[in-house]
Protein chains: 2
Amino acid sequence: MSLRHALLGLVAERPASGYDLLKTFETSLAHVWPATQSQVYGELGRLGDVGLLTVAAQGPRGRKEYTITDEGLAELRHWLLSTAPERPARSDMLLRVFFLGRVAADEAADYLARQGEAAAARLAGFEELSDSIDWGQDPLSVYGKVALEYGRRISAAQREWADWAAAQVRAGERGQ
Amino acid sequence: MSLRHALLGLVAERPASGYDLLKTFETSLAHVWPATQSQVYGELGRLGDVGLLTVAAQGPRGRKEYTITDEGLAELRHWLLSTAPERPARSDMLLRVFFLGRVAADEAADYLARQGEAAAARLAGFEELSDSIDWGQDPLSVYGKVALEYGRRISAAQREWADWAAAQVRAGERGQ
DNA sequence: ATACGCATGTAAGATGTTACATGATTAA
DNA sequence: TTAATCATGTAACATCTTACATGCGTAT
């Protein structure tokens, strides 16, 4: 149920409407916890029902601006510090690796090389993002930077792994 | 729909029953594409219905041994080489990082340090696994090793990031 | 005889995706 | 006046998790 906590965390930062939150999910949170419009409006309704958020103001076009309640703040803090993150699972990129023995070695090496290129592209994207944002001193900026650094390091490791793996497979191919 | 392709890939390697496949999902594939009993039996039925797998033999206790069909093989190959892996998304560990500004700096640093320890433990697990398996020359072994190396490298990068981030936060704390 | 492992299946509910549907406000 | 943006909501469907339900075969 982390969508719930993402909403709680965002609204805790500043009051917002579903529309506002949606834009955040499409930008800053896109690489971390993507969510669709359906999900956001649905969960916002439920969070209101259970009293973790409230509609503090109405705006034009039926805009509902949500604010976090004390219970919401308590729930957010509990989730942050007292619940264990689930280990990330399911990578269809890696799943394919398991079955690469079904295709010729050069096809497998090509697949791995393509994953290396994709990782390099992601890395470049993160570098660019890092340069384009003017980082403030607010907490979301500070920790946003830490999160971005995660993306950089993981992408770099993925690229190095893919290059190594492709070379490994090509070496095995010649060895046979 | 990658569960489907995981089943296709496994059965392509050697004919198997739902029960056999389940054990593979709980061991080798646990870190890559976990699946439950419900899912496996359900999808196996559907794969039979659409003709990508067939029940080639029956055994005791209603055991059904599945074999891959030519269409199944074609579908597997297509998925392997001609469909793009989805980029991995959703990390509740990272999502928490975004909201770490809600808690005191030392609590945030503790959180990051714990993630570092968890990554170190995963790394140790992979090292141990790597030593315990007697790697053969069969394709599943060769590429299984490549997949394991991925786990090692990513875990190492995660540990280094978490240690760096925790230090970063503690430095900021003193700076204020 | 009895417990353990083998073996399959279904139901209910949570979560997520895609598509549909509607309408108000604002700037050019 | 008309197009873009703001703004919310629902329906259908796919996927995944948890729990329930049943029964055969084999070794002790």
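As recorded in an unreviewed UniProt entry, chain A goes by PadR family transcriptional regulator and comes from Streptodolium elevatio.

*Asks:* Could you give an account of the overall build of chain A, naming the residues involved and the relevant values?
*Replies:* Counting its secondary structure elements, chain A contains 7 helices and 2 strands. Order of helices (α) and strands (β) in chain A, N terminus to C terminus: α-α-α-β-β-α-α-α-α. Seen through its principal axes, chain A has C-alpha atoms that stretch 70 × 35 × 35 Å. Here chain A, with 176 residues, has 42% of them falling under the buried criterion. The long-range fraction of contacts in chain A, counting pairs at least 24 apart against all pairs at least 6 apart in sequence, stands at 56%. Surface accessibility of chain A: about 8900 Å² in total, with carbon and sulfur atoms responsible for 50%. Averaging the locations of the 20 positively and 24 negatively charged side chains of chain A gives two centres separated by 3 Å.

*Asks:* Please give an account of the protein's contact with DNA strand D that cites residues and values.
*Replies:* Taken together, 19 residues lie near DNA strand D, and Tyr19, Gln37 and Lys64 of chain A together with Met1 and Ser38 of chain B sit nearest. With respect to DNA strand D, the side chain of tyrosine 41 of chain A contributes an N or O atom lying 2.6 Å from a phosphate oxygen. Residue glutamine 39 of chain B places a side-chain N or O atom 3.0 Å away from a phosphate oxygen belonging to DNA strand D. Sorting the residues of the surface near DNA strand D by element identifies helix 2 (18-26) and helix 3 (37-49) of chain A together with helix 3 (37-49) of chain B as the ones contributing at least two each. Residue contributions to the surface near DNA strand D peak at 3 residues, all from helix 3 of chain A. For the surface near DNA strand D, the class distribution of residues is 6 nonpolar, 8 polar and 5 charged.

*Asks:* A description of the interface of chain B and chain A should follow, citing residues and the corresponding values.
*Replies:* With 64 residues of chain B at the contact, the number on the chain A side is 64 residues. Both sides of the chain B and chain A interface together cover about 6600 Å² of buried area, and 68% of this is carbon and sulfur. The tally of links between chain B and chain A comes to 2 salt bridges. Taking the shortest distance from any N to any O, the salt bridge between arginine 77 of chain B and glutamate 107 of chain A comes out at 2.6 Å. Counting every contact that joins chain B to chain A gives 22 residue pairs in polar contact (both at pLDDT 80 or more). Put simply, the parts of the chain that give the side of chain B that touches chain A at least two residues each are helix 1 (2-13), helix 4 (70-82), helix 5 (92-98), helix 6 (105-132) and helix 7 (139-175) of chain B. Per-element tally for the side of chain B that touches chain A: the top contributor is helix 7 of chain B, with 17 residues.

*Asks:* How would you explain the packing of helix 2 of chain A against helix 3 of chain A if you had to name every residue and give the values?
*Replies:* Residues and elements named next belong to chain A. Direction vectors running N to C along helix 2 and helix 3 enclose 135°, while the axes themselves pass 10 Å from each other. In terms of their interaxial angle, helix 2 and helix 3 are classed as oblique. Judged by the sense of rotation from one axis to the other, the crossing of helix 2 with helix 3 is right-handed. Packed against helix 2, whose contacting residues are Gly18, Tyr19, Leu21, Leu22 and Phe25, the element helix 3 presents Gln37, Val40, Tyr41 and Leu44 at the interface. Of the residues in the contact of helix 2 with helix 3, the class split is 7 nonpolar, 2 polar and no charged.

*Asks:* Please give an account of the pairing of strand 2 (residues 64-68) of chain A that cites residues and values.
*Replies:* All names here are of chain A. In the sheet, strand 1 (residues 53-58) pairs with strand 2 via 5 bridges, with the strands oriented antiparallel. By the bridge assignment for strand 2, leucine 53 is matched with isoleucine 68. Two successive antiparallel strands, strand 1 and strand 2, enclose a turn made up of 5 residues, where arginine 61 displays a positive phi of approximately 55°.

*Asks:* Just give me the short version of unusual backbone geometry, but keep the residues and values in it.
*Replies:* Even without glycine at this site, arginine 90 of chain A takes up a positive phi of about 70°. Among the secondary structure elements, arginine 90 of chain A is positioned in the loop between helix 4 (70-82) and helix 5 (92-98). What makes arginine 90 of chain A partly exposed here is its relative accessible area of 39%. Look at arginine 61 of chain B: it is not a glycine, yet its phi comes out positive at around 55°. Along the chain, arginine 61 of chain B turns up in the loop between strand 1 (53-58) and strand 2 (64-68).

*Asks:* Requested: an account of the UniProt feature "domain: Transcription regulator PadR N-terminal" (unreviewed entry) in chain A, with residues and values cited.
*Replies:* As annotated in UniProt, the feature "domain: Transcription regulator PadR N-terminal" (unreviewed entry) corresponds to residues 7-77 of chain A in the numbering used here. Helix makes up 52% of residues 7-77 of chain A and strand makes up 15%, while its end C-alpha atoms are separated by 13 Å.

*Asks:* Explain the packing of helix 1 of chain B against helix 3 of chain B to me, and be specific about the residues and the numbers.
*Replies:* Residues and elements named next belong to chain B. As a packed pair, helix 1 and helix 3 sit with axes 10 Å apart at the nearest point and diverge in direction by 80°. Comparing the axis directions of helix 1 and helix 3 gives the class roughly perpendicular. Contacts from Leu3, Arg4, Leu7 and Leu8 in helix 1 reach Gln39, Val40, Glu43, Leu44, Arg46 and Leu47 in helix 3. When the residues that make up the contact of helix 1 with helix 3 are grouped by side-chain class, the tally is 6 nonpolar, 1 polar and 3 charged.

About the thresholds
Residues numbered from 1 in each chain as written. Chains lettered and ligands numbered in written order. Predicted model: local features only at pLDDT ≥ 70, side-chain atom pairs only at ≥ 80, totals over all residues. Heavy atoms only, no water. Helix = DSSP H or I, 4+ residues; strand = E, 2+ residues; numbered from the N terminus. Buried < 20%, exposed > 50% of the residue type's maximum accessible area, 1.4 Å probe, protein only. Contact = heavy atoms within 4.5 Å. Areas by Shrake-Rupley, 256 points an atom, 1.4 Å probe, with all protein chains shown as cover. Lys, Arg positive; Asp, Glu negative; His and termini not counted. Charge placed at Lys NZ, Arg CZ, Asp CG, Glu CD. Near = heavy atom within 4 Å. Polar contact = N/O pair within 3.5 Å; in protein donor to acceptor, adjacent residues only side chain to side chain. Nonpolar A, V, L, I, M, F, W, Y, C, P; charged D, E, K, R; others polar. Buried area = accessible area lost by both parts, 1.4 Å probe. Salt bridge = Lys/Arg side-chain N within 4 Å of Asp/Glu carboxyl O. Axes fitted to C-alpha atoms, helices over the stretch in contact; angles between N-to-C directions. Parallel < 35°, antiparallel > 145°, perpendicular 65-115°, else oblique. Left-handed = near helix turned anticlockwise from the far one by under 90°. Pairing = 2+ DSSP bridges. UniProt positions renumbered as here; feature names shortened; annotations may be inferred.

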